[in-house]
Amino acid sequence: MQPLVVSGSLSPWEPGVFSLVVFSLMVMALIAVILFIASWLGEKTSNTEKSRPYESGVIPTGSARLRYPIPFFLVAIFFLIFDVEGAYIFSWAIAWENLGWAGLLQISFFIIELLLGLIYIWRIGGLEWGPMGKKS
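These remarks concern the structure in this document.

Conventions used here
Residues numbered from 1 in each chain as written. Predicted model: local features only at pLDDT ≥ 70, side-chain atom pairs only at ≥ 80, totals over all residues. Heavy atoms only, no water. Helix = DSSP H or I, 4+ residues; strand = E, 2+ residues; numbered from the N terminus. Buried < 20%, exposed > 50% of the residue type's maximum accessible area, 1.4 Å probe, protein only. Contact = heavy atoms within 4.5 Å. Areas by Shrake-Rupley, 256 points an atom, 1.4 Å probe, with all protein chains shown as cover. Axes fitted to C-alpha atoms, helices over the stretch in contact; angles between N-to-C directions. Parallel < 35°, antiparallel > 145°, perpendicular 65-115°, else oblique. Left-handed = near helix turned anticlockwise from the far one by under 90°. Nonpolar A, V, L, I, M, F, W, Y, C, P; charged D, E, K, R; others polar. Expected span 1.5 Å × (residues − 1). Phe/Tyr/Trp six-rings, centres within 6.5 Å; stacked < 30°, edge-to-face > 60°. Lys, Arg positive; Asp, Glu negative; His and termini not counted. Salt bridge = Lys/Arg side-chain N within 4 Å of Asp/Glu carboxyl O. Patch = residues over 30% accessible without salt bridge, like charges linked within 9 Å, V, L, I, M, F, W, Y side chains within 5 Å.

Remarks on the overall build of the chain
Right, on to step 1. Within the chain one finds 4 helices and 0 strands.
Right, on to step 2. Counting from the amino terminus, helix and strand elements in the chain follow one another as α-α-α-α.
Right, on to step 3. Within the chain, buried positions represent 7% of all 136 residues.
Right, on to step 4. Taking as baseline every contact in the chain between residues at least 6 positions apart, the subset at least 24 positions apart corresponds to 41%.
Right, on to step 5. Total accessible area on the chain is roughly 12900 Å²; 70% of this is exposed by carbon and sulfur atoms.

What to know about the packing of helix α3 (residues 70-94) against helix α4 (residues 96-124)
Right, on to step 1. With their axes 9 Å apart at the nearest point, α3 and α4 run at an angle of 165° to one another. What the angle tells us is that α3 and α4 run roughly antiparallel. Classified by chirality, the crossing of α4 by α3 is left-handed. Counted together, Phe78, Ile81, Phe82, Glu85, Tyr88, Ile89, Trp92, Ala93 and Ile94 of α3 and Trp96, Leu99, Gly103, Leu104, Ile107, Phe110, Ile111, Leu114, Leu118 and Ile121 of α4 form the full contact between these two elements.
Right, on to step 2. Its residues placed into classes, the contact of α3 with α4 shows 17 nonpolar, 1 polar and 1 charged.

Here we look at α4
Right, on to step 1. Between its first and last C-alpha, α4 extends only 35 Å over 29 residues, short of the 42 Å set by a 1.5 Å rise per residue.
Right, on to step 2. Every buried residue of α4 is accounted for by Gly103, Ile107 and Leu114.
Right, on to step 3. Here the buried face of α4 lies against α3.
Right, on to step 4. Gly125, located one to two residues past α4, shows a positive phi value of around 95°.

Quick notes on the packing of aromatic side chains
Right, on to step 1. Under the definition given, this model contains 4 aromatic pairs.
Right, on to step 2. Between Trp92 and Trp96 the ring centres are 5.5 Å apart and the planes differ by 65°, which places this aromatic pair in the edge-to-face class.
Right, on to step 3. On the accessibility criterion, Trp96 (34% relative accessible area) is partly exposed.
Right, on to step 4. Clustering of aromatic rings is evident, with ring pairs tying together Trp92, Trp96 and Trp101.

With respect to the side chain of Glu85
Right, on to step 1. By secondary structure assignment, the location of Glu85 is in helix α3.
Right, on to step 2. Buried charge Glu85 goes without a salt bridge, the closest partner of opposite sign being Arg123 at 19 Å.
Right, on to step 3. In contact with Glu85, not counting residues within four places along its chain, are Phe110, Ile111 and Leu114.

Focus: a nonpolar patch on the surface
Right, on to step 1. Residues Val75, Ile77, Ile81, Phe82, Ile112, Leu115, Leu116, Leu118, Ile119, Trp122, Leu127 and Trp129 make up a contiguous nonpolar surface patch of roughly 1100 Å² in combined accessible area.
Right, on to step 2. At 6 residues, the largest contribution of residues to the nonpolar patch is made by α4.
Right, on to step 3. Topologically, Ile112 is positioned in helix α4.

Purely geometric numbers; function is a separate question.
As structure tokens, this is what we get:
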């Protein structure tokens, strides 16, 4: 007579899922206990300095909304464009042997297209960030 082998007879779930649920419940219980202890033992004071919008001791003056200059956004856009370009070129360089000449032509077209865009931005004055003179 063979012994009866029943796996998972104590749980209707798979063993990995059951241990994950138990671990998650233990973590949530530990977080709840730590938050309760912190709120129970923590110092509760209220004064005018804490009720200010900035607690760092700097008294706010003026509006909190600042107008960013346009070159700030241009730098961000240029960074994104050339960061994506670098990611494409590095991934092409890694797969060079598999892509062959077709890949070389595609990445060359991509680089030429970006260079034409850079030349266009340069010609319309997108790279001149100094004070602008009056246009007549």
